[in-house]
Amino acid sequence: MGNQSPQIEAVIFDWAGTTVDYGCFAPLDVFKEIFRKRGIEVLDEEARAPMGMLKWDHIQEMCQMDRIAQLWKAKFGGIPEKKDIDDLYADFEPMLFSILPNYCNPIPGAIDLVERLRRKGIKIGSTTGYTSEMMAIVAPEAKKKGYAPDFLVTPNDVSAGRPFPWMCYRNAEYLGVYPMKHIIKVGDTVSDIKEGVNAGAWSVGILKGSSELGLKEHEVNALDQETLAEKLEVVVKRYKAAGAHYIIDSIGELDKLIPKINQRLANGD
């Protein structure tokens, strides 16, 4: 660094709902289907609430939700146990694998953003709630379509996934960037925000394309401004409650934050 003022040197991106799969739909339908197979209809918001976590942990979170636990108890005589979660997960994996290749399209603005960041010499890391086996499908598909970060860490590579900071630390080590305040973590779920905050990075939440908003691009475009604003405000509140430093409308706006953050770093923030 020499006597340069400190500045952002790396951005760590989430995958589904942030850089690929607008609205994060691949896992949603599968989470609903594995419960439906057992005669339990889960709501979109229940299936989305833990999004961004390792998928086994995500199913466990759903099973602990009061409404789902009570429906399960009424049907099976007790609340879900570890074995039930294992069984649900055993259904989840092959189902997700079969559809994943269809959900790897880069989100509009992501590829151009990464190019702009690289021209500034900023390194590109990534973390995910997908396992390494899932990413073995997603990463090559996304690369064919023009998106390839410098590094990828899955929950399999560390002792625990989000909201723990370990995947971010592994990125920092590989990319050779420290302290963590020289890194931006960007994502589209509450667990993404917490991951960034817990890592000591600048944590940024995305609104459009996010799992938290949970709408396809044509649905976002079709909404009247007032309804869309109300839906976005709900997501803003969730991100703020999780500790987000910044919230942006869409992924392509991320680099507008960098001069602001660099100024704050220069001021000793």
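For the structure itself, look to the data block above.
Source: prediction; values computed, not measured.

J.: Outline the packing of helix H5 (residues 82-99) against helix H7 (residues 132-144), listing residues and values.
T.: In the contact formed by H5 and H7, the axes pass within 11 Å of each other and the chain directions differ by 10°. It follows that H5 is roughly parallel to H7 by the angle criterion. Contacts from Tyr 89, Phe 92, Glu 93, Leu 96 and Phe 97 in H5 reach Glu 133, Met 134 and Ile 137 in H7. Within the contact of H5 with H7, the residues separate by chemical class into six nonpolar, no polar and two charged.

J.: Break down the packing of aromatic side chains for me, with residues and values.
T.: Taken as a whole, this structure holds nine aromatic pairs when the rule is applied. Seen in terms of ring centroids, Trp 202 and Tyr 246 are 6.4 Å apart; in terms of plane orientation they differ by 40°. Their pairing is tilted. Taken together, the residues span a long stretch of sequence, with Trp 202 in strand E4 (residues 202-206) and Tyr 246 in strand E5 (residues 246-248) at a distance of 44 residues. Exposure remark for Trp 202: the relative accessible area of 6% places this residue in the buried category. Pairwise contacts between aromatic rings join Phe 31, Tyr 89 and Phe 92 into one cluster. Here the guanidinium or amino end of Arg 48 rests over the ring plane of Phe 25, the centre of that ring lying 4.8 Å away. For Lys 216, the ring lying beneath its charged end belongs to Phe 25, and the centroid distance is 3.9 Å.

J.: Can you tell me about the pattern of salt bridges, naming the residues and giving the values?
T.: Evaluation of the coordinates by the stated rule reveals 21 salt bridges. Across the salt bridge formed by Lys 83 and Asp 87, the nearest N and O atoms sit 2.7 Å from each other. Taken as a pair, Lys 83 and Asp 87 lie in helix H5 at a separation of four residues, close to a single helical turn. Asp 87 sits in the partly exposed class, given a relative accessible area of 31%. Linking Glu 195 and Arg 162 is a salt bridge whose minimum nitrogen-to-oxygen distance equals 2.9 Å. Of the two residues, Glu 195 is situated in helix H9 (residues 190-199) and Arg 162 in the loop between H7 and helix H8 (166-175); the sequence distance between them amounts to 33 residues. In the salt-bridge network here, residues are joined through shared partners; they are Asp 14, Arg 162, Lys 185, Asp 192 and Glu 195.

Rules used throughout
Residues numbered from 1 in each chain as written. Predicted model: local features only at pLDDT ≥ 70, side-chain atom pairs only at ≥ 80, totals over all residues. Heavy atoms only, no water. Axes fitted to C-alpha atoms, helices over the stretch in contact; angles between N-to-C directions. Helix = DSSP H or I, 4+ residues; strand = E, 2+ residues; numbered from the N terminus. Parallel < 35°, antiparallel > 145°, perpendicular 65-115°, else oblique. Contact = heavy atoms within 4.5 Å. Nonpolar A, V, L, I, M, F, W, Y, C, P; charged D, E, K, R; others polar. Phe/Tyr/Trp six-rings, centres within 6.5 Å; stacked < 30°, edge-to-face > 60°. Buried < 20%, exposed > 50% of the residue type's maximum accessible area, 1.4 Å probe, protein only. Lys NZ or Arg CZ within 6 Å of the ring centre and 35° of its normal. Salt bridge = Lys/Arg side-chain N within 4 Å of Asp/Glu carboxyl O.

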